[in-house]
Amino acid sequence: MLELPTLYLGLLGSAIAGLATGLGALPILFFTRITQNAQGVLLGFGAGVMLAATAFSLVVPGLEAATVQINSSVYAATIVAFGIVLGGVFLWLSNRYFPHEHFFKGQEGSKQANLKRAWLFVIAIAIHNFPEGLAVGVGFGGDDISNAIALTVGIGLQNIPEGLVVAISLLGEAYSKRDAILISLITGLVEPVGGVIGAGAVSIAQPFLPVAMGFAAGAMLFVISDEIIPESHRLGCEKSATAGVMVGFVIMMFLDVTLG
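Residues numbered from 1 in each chain as written. Predicted model: local features only at pLDDT ≥ 70, side-chain atom pairs only at ≥ 80, totals over all residues. Heavy atoms only, no water.

**A word on the overall build of the protein**
Logical step 1: Within the protein one finds nine helices and two strands.
Logical step 2: The N-to-C order of helical and strand elements in the protein reads α-α-α-β-β-α-α-α-α-α-α.
Logical step 3: Looking at the protein residue by residue over its 260 residues, the buried ones come to 52%.
Logical step 4: Look at the contacts in the protein between residues 6 or more apart in sequence, and 80% of them connect residues 24 or more apart.
Logical step 5: When the accessible surface of the protein is totalled, it reaches about 11500 Å², and 71% of it is carbon and sulfur. (Helix = DSSP H or I, 4+ residues; strand = E, 2+ residues; numbered from the N terminus. Buried < 20%, exposed > 50% of the residue type's maximum accessible area, 1.4 Å probe, protein only. Contact = heavy atoms within 4.5 Å. Areas by Shrake-Rupley, 256 points an atom, 1.4 Å probe, with all protein chains shown as cover.)

Following this line, the structure appears as structure tokens:
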């Protein structure tokens, strides 16, 4: 039976994390440019936070939950690995078949949809953000609320610089400040959708938790490797981006240990 408090927590946590994207876009009211080096650092920071969240807040708890179900390390590793692969395949298919456009890589997915360019950007970032909301929702669907809170804080933290980079990129595409902030906010609102799905699935079938955590981890890993890190390196600022990854990873690890 679906536990409504868990569903509400998943919705609330993912909504808070998602709204941080819009919050991050607000500084464009005061300035409209940041250096390429700063963009690399900000994107790298987001990748580091997501990487640590994947490892410490999803994979490790997923392995622990699977071990509790059946006292077998082989079973735990297999079931979580299956979820990781499933999550990666889901994101790969989403990128392949949903029409969308990245700021730096151009159009991807189906070419059939006749959509305005702004909506292609929205879909691209929504595909990116959905796994983050899913991760938060799955976290609240588990038994460790403190782990879910750490995930919420970490994902929200990385969404702030991400929102700024998105908004500045939109300004570079000749969008107004109002539209740039609005689009950034809309892209963050897909996270509560993922949050409800994640929390709901785990609440209905608690044994699904290890697979769900693996799925969210795999989806996040795909986003990190396929989108964020390549984008952080595209401007020739690889060292700065790598420093951002390390700082983000350490901060998220610290949050997970202290809050979770």
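From this point, the narrative continues.
**A look at the environment of Gln-206**
Logical step 1: Mapped onto the elements, Gln-206 comes out in the loop between helix H7 (190–204) and helix H8 (209–233).
Logical step 2: Sequence-wise, Gln-206 and Ala-65 are 141 residues apart; in three dimensions their C-alpha atoms are separated by 9.8 Å.

**Describing H7**
Think of an α-helix as 3.6 residues a turn; residues three or four steps apart then line up on the same face.
Logical step 1: For H7, which comprises 15 residues, the first-to-last C-alpha distance of 22 Å matches the rise-based estimate of 21 Å (1.5 Å per residue) to within 8%.
Logical step 2: Inspection of H7 places Val-190, Glu-191, Pro-192, Gly-194, Gly-195, Gly-198, Ala-199, Gly-200, Val-202 and Ser-203 among the buried residues, and these make up the whole buried set. (Expected span 1.5 Å × (residues − 1).)

**Considering helix H6 (residues 177–188)**
Logical step 1: Its twelve residues place the ends of H6 17 Å apart at the C-alpha level, agreeing with the 16 Å of an ideal helix rising 1.5 Å per residue.
Logical step 2: The set of residues buried in H6 consists of Ala-180, Ile-181, Ile-183, Ser-184, Thr-187 and Gly-188. Looking straight down H6, one finds that the buried residues subtend no more than 165° of arc, so they occupy a single side. (Arc of directions from axis to C-beta.)

**Some points on the environment of Met-253**
Logical step 1: Note that Met-253 resides in helix H9 (residues 238–259).
Logical step 2: Through-space distance from the C-alpha of Met-253 to that of Gly-48 is 9.6 Å; in sequence the pair is 205 residues apart.
Logical step 3: Non-local contacts of Met-253, meaning those with residues more than four positions away in its chain, are made with Ala-52 and Phe-56.

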